[in-house]
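Fold and geometry: a report
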Amino acid sequence: MRTLFKESLSRISDIINRQSEIISVVGSVSVSYKHYLSILKQIQETLTDYKLKVVVLGKYGSGKSSLINALLGQKFLPVNPLPTYDMVVEIQYSDKPNATLYPTNNSGKEPFDVRIEDLKKYIFFDREEMNDDVKKAIAYEKIVLRYPIDNYKQDVVITEIPEVSDNLISHECLLSADIIIYCMNSQSPFGTIDKNTIEHLRALGLTSIFFVLTFFDTVEYWDLMIGNHDAEDTRRHYTNILSPYTDFDSEGILFVGSIPALMGKIKNDTSLLESSHFPEMERKLDQMINERIRLKLIKAVDSVGKVNREIRRYLSNKIELYKQDKTSIIEKLNSAQVYLERAKEKAKMISPLWNICASEIVSGTEDRFRLFFLSEILPNVESWVQECNPMQGISLWNPKRTGTDYTESCMKCLQAKMEIEMCMWSREELVPQVFSKNLIICLEHLKPIMDEYESNLNSLNNVLSLKQNNSQVYGIRRINQAMSEVVGGDINWSICTPVPIPVNYYFPKLPSILNSIYVVVLKNVFEKISDDVTIIALSSLMGGCLGDEPIERRLKRTIGRKAKAQLAMNVNIAISEIRNRVEIITNKILRSIENNLNTHIDQYQKLIKDVKEVDLIEEQMATNLVMLTKNNSISDELGLMVTKHIECKQ
Ligand SMILES: Nc1nc2c(ncn2[C@@H]2O[C@H](COP(=O)(O)OP(=O)(O)OP(=O)(O)O)[C@@H](O)[C@H]2O)c(=O)[nH]1
Ligand SMILES: [Mg+2]
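Keep in mind that what you see is a predicted model, and the values were worked out from it rather than measured. Once a new chain begins, its residue numbering starts again from 1 and follows that chain's sequence as written. Both sets of labels track the order of writing: A upward for chains, 1 upward for ligands. Since the coordinates come from a predicted model, pLDDT governs what is reported: local features require at least 70, and pairs of side-chain atoms require 80 or more to be given and counted, while whole-chain, interface and lining totals use all residues.

Quick notes on the overall build of the protein
Check the secondary structure of the protein and you find 18 helices and nine strands. Burial is judged by counting other C-beta atoms within 10 Å of a residue's own C-beta: 20 or more means buried, 12 or fewer means exposed, and anything between counts as partly exposed, with every C-beta placed from the backbone. Relative to its full complement of 650 residues, the protein shows a buried share of 36%. Contact between residues is assigned whenever the C-beta positions, reconstructed from backbone atoms, fall within 7 Å. Considering only contacts in the protein between residues 6 or more positions apart, those separated by 24 or more positions represent 80%. Per the convention used, a helix needs a DSSP run of H or I reaching at least four residues, while a strand needs a run of E reaching at least two, with both numbered from the N terminus.

Some points on the sheet that holds strand 5 (residues 140–147)
Any two strands between which DSSP finds at least two bridges are classified as paired. With respect to topology, nine strands assemble into an open sheet ordered 4-3-5-2-6-1-7-8-9, the strand pairing being mixed. Each having just a single partner strand, strand 4 (112–114) and strand 9 (253–255) make up the two edges of the open sheet. Recorded for the sheet is a direction-independent mean angle of 20° between the axes of neighbouring strands. Strand direction decides the pairing type here: strand 2 (residues 88–93) and strand 5, joined by six bridges, are parallel. In the strand pairing of strand 5, Tyr 93 is matched with Tyr 147. Fitting a line to C-alpha atoms yields each axis, with helices limited to the stretch in contact; the angle taken between N-to-C directions then spans 0 to 180 degrees.

Some words on the site of ligand 1
In the vicinity of ligand 1 lie 22 residues, with Gly 63, Lys 64, Ser 65, Ser 66 and Val 79 positioned nearest. Looking at the shell around ligand 1, the elements with two or more residues in it are helix 3 (64–72), helix 6 (216–226) and helix 8 (258–266). In terms of residue count, helix 3 provides more of the shell around ligand 1 than any other element does, three residues in total. Polar here means any residue other than Ala, Val, Leu, Ile, Met, Phe, Trp, Tyr, Cys and Pro, which are nonpolar, and Asp, Glu, Lys and Arg, which are charged; Gly is therefore polar. When grouped by side-chain class, the residues that make up the shell around ligand 1 number seven nonpolar, twelve polar and three charged. Using a C-beta atom placed from the backbone, a residue is described as near a molecule or strand when that atom lies within 6 Å of it.

Remarks on helix 5 (residues 192–203)
For an α-helix, 3.6 residues make a turn, and residues three or four places apart therefore share a direction. Helix length check: helix 5 (twelve residues) gives 16 Å between terminal C-alpha atoms against 16 Å at 1.5 Å per residue, within 8%. Where helix 5 is concerned, the buried positions are Ile 193, Asp 194, Ile 198, His 200, Leu 201 and Ala 203. A positive phi of about 80° marks Gly 205, the residue just after helix 5. A helix is expected to reach a length of 1.5 Å times the quantity of its residues less one.

Digging into the packing of helix 6 against helix 7 (residues 230–242)
Relative orientation of the contacting elements helix 6 and helix 7 amounts to 140°, with a least axis distance of 8 Å. On the basis of the axis angle, helix 6 is oblique to helix 7. On the side of helix 6, the interface is formed by Phe 216, Val 219, Glu 220, Trp 222 and Asp 223, while helix 7 contributes Asp 230, Ala 231 and Thr 234. The class makeup of the residues in the contact of helix 6 with helix 7 is four nonpolar, one polar and three charged. Note on angle classes: values under 35 degrees are labelled roughly parallel, values over 145 roughly antiparallel, values of 65 to 115 roughly perpendicular, and the remainder oblique.

As for the pairing of strand 2
Here strand 2 runs beside strand 6 (residues 156–161); their pairing, made up of three bridges, is antiparallel. Paired with Ile 91 across the strands is Ile 158, a residue of strand 6.

Considering the environment of Gln 620
Note on placement: Gln 620 falls in helix 18 (residues 617–646). You can call Gln 620 partly exposed: it has 18 C-beta atoms within 10 Å. Counting along the chain gives 298 residues from Gln 620 to Tyr 322, while the straight-line C-alpha distance between them is 9.0 Å.

Re unusual backbone geometry
A positive phi angle, near 60°, is found at Asn 268, a position not held by glycine. You can see Asn 268 is positioned in the loop between helix 8 and helix 9 (270–275). Of the residues examined, Asn 268 has 8 C-beta atoms within 10 Å and is grouped as exposed. Despite not being glycine, His 277 has its phi angle at roughly 60°, a positive value. Among the secondary structure elements, His 277 is positioned in the loop between helix 9 and helix 10 (278–322).

A closer look at the environment of Leu 597
Relative to the helices and strands, Leu 597 resides in helix 17 (residues 551–612). For Leu 597, a count of 23 C-beta atoms within 10 Å gives the class buried. Each C-alpha atom of the pair Leu 597 and Ala 343 lies 9.7 Å from the other, and the pair is 254 residues apart in sequence. Leave out the neighbours within four places in its chain, and Leu 597 touches Ala 347 and Ile 350.

A word on the packing of helix 3 against helix 8
Between helix 3 and helix 8, the least distance of the axes is 8 Å, while the angle of their chain directions is 25°. When the interaxial angle is binned, helix 3 and helix 8 end up roughly parallel. Every pair of crossing elements has a handedness; the one defined by helix 3 and helix 8 is left-handed. Contact residues: Ser 66, Leu 67, Asn 69 and Ala 70 in helix 3; Ser 258, Ile 259, Ala 261, Leu 262 and Lys 265 in helix 8. Within the contact of helix 3 with helix 8, the residues separate by chemical class into five nonpolar, three polar and one charged. By convention the crossing between two helices is left-handed if the near helix lies anticlockwise of the far one by an angle smaller than a right angle, and right-handed if it lies clockwise.

Re the nonpolar core
Put simply, a nonpolar core is a cluster of buried Ala, Val, Leu, Ile, Met, Phe, Trp, Tyr and Cys residues tied together by C-beta atoms within 7 Å. Of all hydrophobic cores here, the largest spans 56 residues; its most connected members are Val 55, Val 56, Ile 180, Ile 181, Tyr 182, Phe 211 and Val 212. A total of six residues in this core trace back to one element, the largest contributor, which is strand 7 (residues 179–185). Once residues within four sequence positions are removed from consideration, Tyr 182 is found in contact with Leu 57, Gly 58, Ile 198, Ile 209 and Phe 211. In this structure, Ala 347, Cys 388, Leu 414 and Ile 593 belong to the second largest nonpolar core, which totals 53 residues.

A closer look at the environment of Thr 365
Along the chain, Thr 365 falls in helix 11 (residues 326–377). Judged by the 26 C-beta atoms lying within 10 Å of it, Thr 365 is buried. Setting aside residues up to four positions removed in sequence, Thr 365 forms contacts with Leu 430, Val 434, Ile 578 and Val 582.

Comments concerning the pairing of strand 8 (residues 209–214)
Extensive coverage of strand 8 is indicated by the burial of six of its six residues. Burial along strand 8 is two-sided: Ile 209, Phe 211 and Leu 213 facing one way and Phe 210, Val 212 and Thr 214 facing the other are all buried. Alignment of strand 7 against strand 8, held across six bridges, turns out to be parallel. Residue Asn 185 lies in a different strand from strand 8, and its bridge partner there is Thr 214. Crossover connection from strand 7 via helix 5 to parallel strand 8: handedness right-handed. Here, the term right-handed applies to a crossover whose path from the first strand over the helix to the second runs clockwise when the strands point away from the viewer.

A word on the confidence of the model for the protein
pLDDT measures the predictor's confidence residue by residue and takes values from 0 up to 100. Of all residues in the protein, 76% attain a pLDDT of 70 or more, and the chain-wide mean is 78. Below a pLDDT of 50 lies the segment residues 468–473, which in the model reaches six contacts outside its immediate sequence neighbourhood of four places, other chains included. Residue range residues 487–506 is modelled with pLDDT below 50. Its contacts to residues more than four positions away, or to other chains, number 39 contacts.

The structure is reproduced here in structure tokens:
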């Protein structure tokens, strides 16, 4: 399948090579051309690693592994009514089967490769192997399985995240997911854990979700036996409830039987397969995967197009100049040099202004975060823990284990709550009050400088009788463009708006950046209180279980108190993390604007330098004309790709 996409990919790869060649010929020494070459190299890299990431998650036993097996058409992952494994499992296509194991963070061990057949020496991957007498001393948080799966797409990576996983690895998997499949058992969907997790996904801005309600074969079976209409009712009811949680609307809610689907595929039984409703789900999933790959291609074509236009502009300007009479060129060049120097001077003033703005943003973020944390988060921690609704209580028979489980689910609930608060705060306060405000003030100061910078470049153009290029971006819009290249989802880099800038647009990832800091901090907290709480659970059960207050309430109080104390201790860690990340973002913006300006200055400088070497003009004129023709044909090809290979949905 997807052969057309593959063809497009190799075409664009070929185009990138040719475009790089042109750049090397026309601008071998200039820094700005190295910059263009590196942009092209980056695009090339994203295309080689263009695999789509599909992440499957859901509660224990919700049928994640069975669904993946049915997708792959073979019993690839172990399935079990009991919790199977606690690791993130990633499946990739590879000609040579092998696996990589990632020991947990606190083991201090590096990831390492193993043969698939040796896996059981390291992990209990399958519950059936539990009797194996090998000592599994190290805990692992992730395993990557590479396998030549005949009928599966080589351009997709599937990852299963187990219910308990709230570690950094799962968080990273989620944030980099292109498509999420959330599994729920159709017989008991959308319980508290599901609701919390789905809210958590929304808080992270993850809304490309397929809700797959598994076990639908069982519901249909009982309808058939008893003569009910449960299947139809379930379908209607949960489609209504779940549609608002996904970008795909009702198209994103699917009801399947993974077991009949797998059996249908293995036994080549088409009617069994059709009855599972699985093919319908696969069609929709496929459509979505195609759409995502298409977007990646569009982005690549767009970026190459941008470089192509810049080179065309440079070559056209140069050719235009060469056409003029050689002696008058020299005169013009001298006055052009003056304008160029003035433009450079103005450009130099921009950096310090941005630096002031950047440090205002960093210190503002730090101050407000401290205030927000101390007044909105910390005082609420205990009551949030009280609001938690863990599924299981504490059992007298296994107090240690259930105590840990209980604590863990309270912490998970607390984390979701805190993340929601964080997201709201960064959207409603941090971004408008700190980022937008400072950026707008800064842009107001910058405007006159940018105007002078532009007017000098314009005079330079006029003196050299260069053609004005419509696609050129001026003034504040240049800053806008540079910013959006750094922080806005890359797809929209070409959208430039005059002031005021919609800063929210430029920082869509900010809430998830802040949240990922929280996960680091919370993980720290949980590890510290888990043991304490388990001991309290044990001793309460042993000694004080007959008190007035239920054990769960008492435990929650302890968890709340401990979490609050630990969080208070971690507040400085969180703040310095935030400062680092905000500094990284603001520095990136600054660098990008500098590069943007330097590129233009370089371009003119090089133009002036080239033209001064009058003797070489004839020869260079010929080379430039050839390069311009080649460059134009690339532009035509890119246009053709957009209409033929990308815009037609496949
Ligand atoms: N009838 C039916 N049984 C299913 C379906 N999906 C899963 N099962 C059964 O449910 C049990 C749990 O399935 P798994 O695929 O292991 O669930 P899981 O979500 O991967 O479980 P963990 O990895 O332990 O979280 C197994 O016994 C499966 O055979 C389904 O669609 N229909
Ligand atoms: Mg599983």
